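Examination of the molecular architecture
Here is what each chain is made of, one letter per residue.
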Amino acid sequence: MVIFDEFKLTGKVAIVTGGYSHLGSAFTEVLAEANANVVIAGRDSKKAELLMNRIGEKLHESSVDFVYMDISSTESIRCAFREVWEKHSKVDILVNNAVYCKHNILENMTDEEWNYCIDGTLNSLFRCIREITPYMKKQKSGSIINISSMYGMISPDFRVYGNCKDQLNPPNYGAAKAGVIQLTKYCAVWLAKYGIRVNCISPGPFPSHNVQRNKEFIDKLRNKVPLGRIGKPEDLKGALVFLASDASSYVMGHNLVVDGGWTIW
């Protein structure tokens, strides 16, 4: 066997929630590059279509589709997964990437803002795991990959933000992402007997294009990274394919940190 064959996803069906977002686009693209049948799950069909067209121009023979999903709604999640199952008769990979959150500083944060982010960053992942599990149990296999964050492991260094209060990482986001890591471990143990693997990726500093316009802030981020640069979405591709594929067939409940070394200082 050629070792690289273990990374191929030919014939696999993968769902990526928020698959057209800053990081989600890279997840969708690399799964297509690995020959999976990819389904972008989200609320914005226009953004999905733009990405699908871009991938189609690049790969020509890729299979990327869209299904409507509102991760705040259990019924919407159920309908989306049912639609994918009825079309493909299988679901091999779920990338739990989509989130929603409201930002504020600690002393000004309202109960509504706190709860909104916990729901959109942690509870929504739980809903997706719960609703995909019956399908993966039927086929006695599956790989669930939850997307956490370095801020689920460490506190932000507030010195980096300075006067950039609009970029300040809120307390509800980090608390929810820490919960994602623990939920990953719990689900990995619970679902192992069904042949379902559950793992996690914790990206480090991957600021969006809008954030990157603030050069002063980006310079401060860069100086915190041992590798000396911020992350690019494509830096996450290898980690995702590894966890999605048979190359990680004996990896369970793992939190794969992709942060340029940020958390090792």
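Values in this document were obtained by computation on a predicted structure and should not be read as measured data. Each chain has its residues counted from 1, running along the sequence as written. For a predicted model such as this one, the threshold for reporting local features is a pLDDT of at least 70, and the threshold for listing and counting side-chain atom pairs is 80 or more; totals across whole chains, interfaces and linings nevertheless cover every residue. Only hydrogens and water are set aside; all other atoms, that is, all heavy atoms of the structure, feed into the side-chain values.

For the pair helix α4 (residues 111-139) and helix α6 (residues 171-191), the least separation of the axes is 8 Å and the interaxial angle reads 20°. Classified by the interaxial angle, the pair formed by α4 and α6 is roughly parallel. Handedness of the crossing formed by α4 with α6: right-handed. In this structure, α4 uses E113, W114, C117, I118, T121, L122, L125, F126, I129 and T133 to contact α6, whose residues at the interface are P171, N172, Y173, A175, A176, K177, G179, V180, L183, C187 and L191. As a rule, the C-alpha atoms of each element are fitted with a line to give its axis, helices using only the stretch in contact, and angles between N-to-C directions run from 0 to 180 degrees. Strands here are runs of E lasting at least two residues and helices are runs of H or I lasting at least four, both read from the DSSP assignment and numbered beginning at the N terminus. By the definition adopted for this analysis, an angle is roughly parallel if under 35 degrees, roughly antiparallel if over 145, roughly perpendicular if from 65 to 115, and oblique otherwise. It is the rotation of the near helix from the far one that decides the hand of a crossing: anticlockwise by less than a right angle makes it left-handed, clockwise makes it right-handed. Residue contacts are counted whenever heavy atoms from the two residues lie within 4.5 Å of one another.

Turning next to helix α1 (residues 24-33). Only protein chains enter the accessibility calculation, which uses a 1.4 Å probe; a residue is then buried when its area is under 20% of its type maximum, exposed when over 50%, and partly exposed in between. Judged by how many residues are buried, α1 sits mostly within the fold: nine of ten residues are covered. Those residues of α1 that sit buried are G24, S25, A26, F27, T28, E29, V30, L31 and A32. Backbone geometry just downstream of α1 places N35 in the positive-phi region, at approximately 75°.

With five of six residues buried, strand β2 (residues 37-42) lies mostly within the body of the structure. In this analysis, strands are considered paired if DSSP registers two or more bridges between them. As paired elements, strand β1 (residues 13-17) and β2 share five bridges and run parallel to each other. For I15, the partnering residue across the bridge sits in β2 and is V39. Taken together, the six bridges between β2 and strand β3 (residues 63-68) define a ladder with parallel strand orientation. Within β3, the residue paired with G42 across the bridge is Y68. Throughout, right-handed denotes a crossover for which the path from the first strand over the helix to the second runs clockwise when the strands point away from the viewer. Between the parallel elements β2 and β3, the chain passes through helix α2 (residues 45-59) in a crossover that is right-handed.

Our focus in this paragraph is unusual backbone geometry. A positive phi angle, near 75°, is found at N35, a position not held by glycine. With respect to the helices and strands, N35 occurs in the loop between α1 and β2. N35 sits in the partly exposed class, given a relative accessible area of 44%. Despite not being glycine, K140 has its phi angle at roughly 60°, a positive value. Topologically, K140 is positioned in the loop between α4 and β5 (142-147).

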